[in-house]
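So the chains spell out like this:
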Amino acid sequence: MTGETAGKWDRARIGQLLINLLVNAVQHGAGNISVDALGHGGQLTLVVSNEGNPIPAAALPTLFDPLTWASRPPRQSGPSSSMGLGLYISRCIAHAHNGTIQARSKDGRTTFTVQIPRFPSHVL
Ligand SMILES: Nc1ncnc2c1ncn2[C@@H]1O[C@H](COP(=O)(O)OP(=O)(O)O)[C@@H](O)[C@H]1O
Ligand SMILES: [Mg+2]
């Protein structure tokens, strides 16, 4: 953690965003997972990164769309299966906080970067 990271957000939703990224890192990645928070001016940057097979470049532009998987949809079903909604929901939460979310994946490492204002004007 670096800089001033305190802020005023929708606690449950920002928690859900982080959980979605962490579960993905465990579920879809392999090896080390790192999490970091950096405050810089009025912005907070959250970085969740994991080792493992990279997401194909062709899948990156639509990765945050609903019901989207980087390769093919998984076969299993049930409540704990891969719904293809986690990143869509994460993007909704980032946007609702006037923020952004980006994915990068290469050289065996996948990194999700969330940037949100520390004090979004409409979060009371
Ligand atoms: N940390 C990650 N490492 C590798 N692939 C990932 C990671 N996060 C997401 N993905 C890919 O993006 C797809 C969409 O993620 P998500 O919307 O959370 O749906 P899912 O329910 O499949 O986890 C996943 O199915 C996976 O192919
Ligand atoms: Mg997921």
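The structure displayed is predicted, hence computed values, not measured ones. Starting from 1, residues in each chain are numbered consecutively following that chain's sequence as written. Naming scheme: in the order in which they are written, chains are lettered from A and ligands are numbered from 1. Reporting of local features is limited, given that this is a predicted model, to residues whose pLDDT is at least 70; pairs of side-chain atoms are given and counted only at 80 or more, and all residues count toward the totals for whole chains, interfaces and linings. Side-chain metrics rest on all non-hydrogen atoms present in the structure, leaving aside hydrogens and water.

**Q** Would you explain the pairing of strand β4 (residues 109-117) in this entry?
**A** Two faces make up the sheet, and in a regular strand the side chains alternate between them. Burial within β4 is extensive, with seven of its nine residues counted as buried. Strand direction decides the pairing type here: strand β2 (residues 43-51) and β4, joined by nine bridges, are antiparallel. Across the sheet, the residue bridging to Leu44 is Ile116, located in β4. Judged from the seven bridges that link them, strand β3 (residues 100-106) and β4 form a sheet pairing that is antiparallel. Burial classification: accessible surface area is computed with a 1.4 Å probe over protein chains only, and a residue below 20% of its type maximum counts as buried, one above 50% as exposed, and the rest as partly exposed. Labels follow the DSSP assignment, with helices taken as runs of H or I lasting at least four residues and strands as runs of E lasting at least two, numbered in each case from the N terminus. Any two strands with at least two DSSP-identified bridges between them are counted as paired.

**Q** Looking at this structure, I do not really get the side chain of Arg118. What am I missing?
**A** Checked against the element boundaries, Arg118 lands in the segment after β4. Positive charges are assigned to Lys and Arg, negative charges to Asp and Glu, while His and the chain termini are left out of the count. What makes a salt bridge here is a side-chain nitrogen of Lys or Arg within 4 Å of a carboxyl oxygen of Asp or Glu, nothing more. Buried charge Arg118 goes without a salt bridge, the closest partner of opposite sign being Glu4 at 4.3 Å. Residues adjacent in sequence count toward polar contacts only when both atoms are side-chain atoms; beyond that, a polar contact is any pair of N or O atoms within 3.5 Å, and within protein one must be able to donate a hydrogen and the other to accept it. In this structure the side chain of Arg118 is engaged in a polar contact, spanning 3.3 Å, whose partner is the backbone oxygen of Glu4.

**Q** Teacher, can you tell me more about the sheet that holds β4 here?
**A** The strands that make up a sheet pair up through hydrogen bonds in the backbone, lying either parallel or antiparallel. In space, the four strands of this open sheet follow the order β1-β2-β4-β3, with antiparallel pairing throughout. Edge positions in the sheet fall to β1 (33-40) and β3, since each has one partner strand and no second. Here the average twist between neighbouring strands, direction ignored, is 15 degrees. Contact criterion: two residues are considered in contact whenever any of their non-hydrogen atoms come within 4.5 Å of each other. Note on geometry: axes are C-alpha line fits, over the in-contact stretch for helices, and angles between N-to-C directions span 0 to 180 degrees. Taken strand by strand, helix α1 (residues 11-28) contacts β1, β2, β3 and β4, and its axis lies near 20 degrees from that of β2.

**Q** Any chance you could explain α1 here in plain terms?
**A** Side chains that are three or four residues apart share a direction in an α-helix, a result of its 3.6 residues per turn. Along its 18 residues, α1 runs 25 Å from first to last C-alpha, staying within 8% of the 26 Å computed at 1.5 Å per residue. Here α1 has its buried residues at Ile14, Leu17, Asn20, Leu21, Asn24 and Ala25. Looking straight down α1, one finds its buried side chains confined to an arc of 130 degrees; they lie on one side. Projecting away from the buried face of α1 at angles above 90 degrees are the exposed residues Arg11, Ala12 and Val26. The length a helix should cover is 1.5 Å for every residue beyond the first. Directions are taken from the helix axis to each C-beta atom, and the arc is the one they span.

**Q** What am I meant to see in the environment of Asn98 here?
**A** Structurally, the position occupied by Asn98 is in the loop between α2 (86-96) and β3. Distance from Asn98 to Thr5, taken between C-alpha atoms, is 16 Å for residues 93 residues apart in sequence. Discounting residues that sit within four places of it in the chain, Asn98 has contacts with Pro117, Ser121 and His122.

All we've got here are geometric facts, nothing functional implied.
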